[in-house]
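# Geometric and topological summary
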Amino acid sequence: MKWKKTGAFLAAACIGAASALCPWEAAPVEAASLSSLQNEQAQIEAELDEVNEKLDELENDIAQAEQYQNTLTQQISLNQQKMGVMDQQLTQLSADLEESEAALAAAEEGIASKEAEIEETTDQYKLRMRAMYMAGDTSSLELLFEAESFGEFLTNIEMMQAISRHDTELLDSLRVQKTDLENQKTQAQRVQADIAEQQASITAQRQEMQALNAELEQSYAQSVSAMQDIELERQQFEANAAAKAEEQQQIEAEIQAEIKRLQEENEKKQQAANGGNATTFTDGRFIRPTGSGYYISSGYGARWGSTHTGIDITAGGCYGDNIYAAASGTVITASYHWSYGNYVVIDHGGGYSTLYAHASSLLVSAGQQVSQGDVIARIGSTGQSTGPHLHFEVRINGNTQNPLNWVSY
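Description of the structure in this document. From a predicted model like this one, the values you see are computed outputs, not experimental measurements.

### A short note on the nonpolar core
In terms of nonpolar packing, the biggest core is built from 25 residues, with Ile 323, Ile 346, Tyr 356, Ile 376 and Phe 392 touching the most fellow members. For this core, the elements supplying multiple residues, two or more each, are β4 (311-314), β7 (341-349), β8 (352-362), β10 (375-379) and β11 (390-396). Discounting residues that sit within four places of it in the chain, Ile 346 has contacts with Ala 325, Ala 327, Gly 329, Thr 330, Val 331, Tyr 352, Ser 353, Thr 354, Tyr 356, Val 370 and Ile 376.

### Quick look at a negative patch on the surface
Taken together, the side chains of Asp 49, Glu 50, Glu 53 and Asp 56 define an acidic patch exposed on the protein surface. Inspection of the secondary structure puts Glu 50 in helix α2 (residues 26-135).

### A short note on unusual backbone geometry
The backbone phi angle of His 358 is positive, close to 70°, even though this residue is not glycine. With respect to the secondary-structure elements, His 358 resides in strand β8. A relative accessible area of 5% means that His 358 is categorised as buried. A positive phi angle, close to 55°, is found at Asn 397, a residue other than glycine. Checked against the element boundaries, Asn 397 lands in the loop between β11 and β12 (399-401). By relative accessible area, Asn 397 is classed as partly exposed at 46%.

### A look at the packing of aromatic side chains
Under the counting rule described, the total for this entry stands at seven aromatic pairs. Here Phe 281 and Tyr 352 contribute two aromatic rings whose centre-to-centre distance is 4.8 Å and whose plane-to-plane angle is 25°, an arrangement assigned as stacked. Of this pair, Phe 281 sits in the loop between α4 (150-273) and β1 (295-298) while Tyr 352 sits in strand β8, placing them 71 residues apart in sequence. Look at Phe 281 and you get buried, because its relative accessible area is 15%.

Rules of the game
- Residues numbered from 1 in each chain as written.
- Predicted model: local features only at pLDDT ≥ 70, side-chain atom pairs only at ≥ 80, totals over all residues.
- Heavy atoms only, no water.
- Core = buried A, V, L, I, M, F, W, Y, C linked by side-chain atoms within 4.5 Å.
- Buried < 20%, exposed > 50% of the residue type's maximum accessible area, 1.4 Å probe, protein only.
- Helix = DSSP H or I, 4+ residues; strand = E, 2+ residues; numbered from the N terminus.
- Contact = heavy atoms within 4.5 Å.
- Patch = residues over 30% accessible without salt bridge, like charges linked within 9 Å, V, L, I, M, F, W, Y side chains within 5 Å.
- Areas by Shrake-Rupley, 256 points an atom, 1.4 Å probe, with all protein chains shown as cover.
- Salt bridge = Lys/Arg side-chain N within 4 Å of Asp/Glu carboxyl O.
- Lys, Arg positive; Asp, Glu negative; His and termini not counted.
- Charge placed at Lys NZ, Arg CZ, Asp CG, Glu CD.
- Phe/Tyr/Trp six-rings, centres within 6.5 Å; stacked < 30°, edge-to-face > 60°.

Right, dumping it as structure tokens:
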């Protein structure tokens, strides 16, 4: 984007020289100068809009990047918390595995002990049975018949039965204990296998989570780098926007200065026509620039962080209504401005001028003489306007005044 301020100053200088050489052709050249400044300002405004639009996009990109980074941070944090829980699970499983291994070792030790006890008891039982077999039934009968009484006889029978029953019960008990220990061993082995399976599963999940976190952290780092690039670009566009805004303000000042110069040129013409006498504000007062039924929608002074240089006058269904010259005078410009839209400036003499902006159409042209109450334009909503209304300004020696000091609504 090129800066055109130098061209504007050169154009103004050429116009001033042309005015000095050819005073009767000053008005057309002045109009061209004002139009040139306004076109330049409109171009700057368009470029500034593009810069601001790009800034909005960059701000949105930064906001999205920040949101993306926040999401990544949350994901990384949650994954780390999840891995922490997994570590706790693995620690608990390791403790359970140690406990299961101890139970398995105890069961195996118990089984070995019971097997030895069963073997010993079985051997003793076999020896006893072998001895009884070798002695035959005689020993048993002798034991019974040696009884001196029937009660002793019964006692001996019961003793023999008890010995046999004890041996059998002892073996059965040992076998049951062995079976129970074997079941405990089997259960411990199953627990160990289940723990090992859980350990393998959690370890695999943790490895996947760790790999995912590494990817997320890499994405976060890439996003930070990308956002730094976006931020740098935003700063560059902000600097460009600030420069464009400053250029726009300078052009605006040049336009206002040009309007004032046109007013002064018109004053010189009027003085030349009046024999060198200074002009005066002949009407002495302003009339309302609109018909009846209108009201002020925005007053003069501070507004939205800037200065509202006039008053906004509107009414329901006012689009296309007449705009009247507040006083007699000479139209020093009737043109289009990016902010004012279609607008007219009338020089009333004595340093007084009025401005009428946002018109839907203009009915006068620069250099034209108008009388107070003449229809000079139609109400519209051109330029920077949010609805049909008339923006009305009163200036004295180029400086804006509160119009309500001269007209009332």
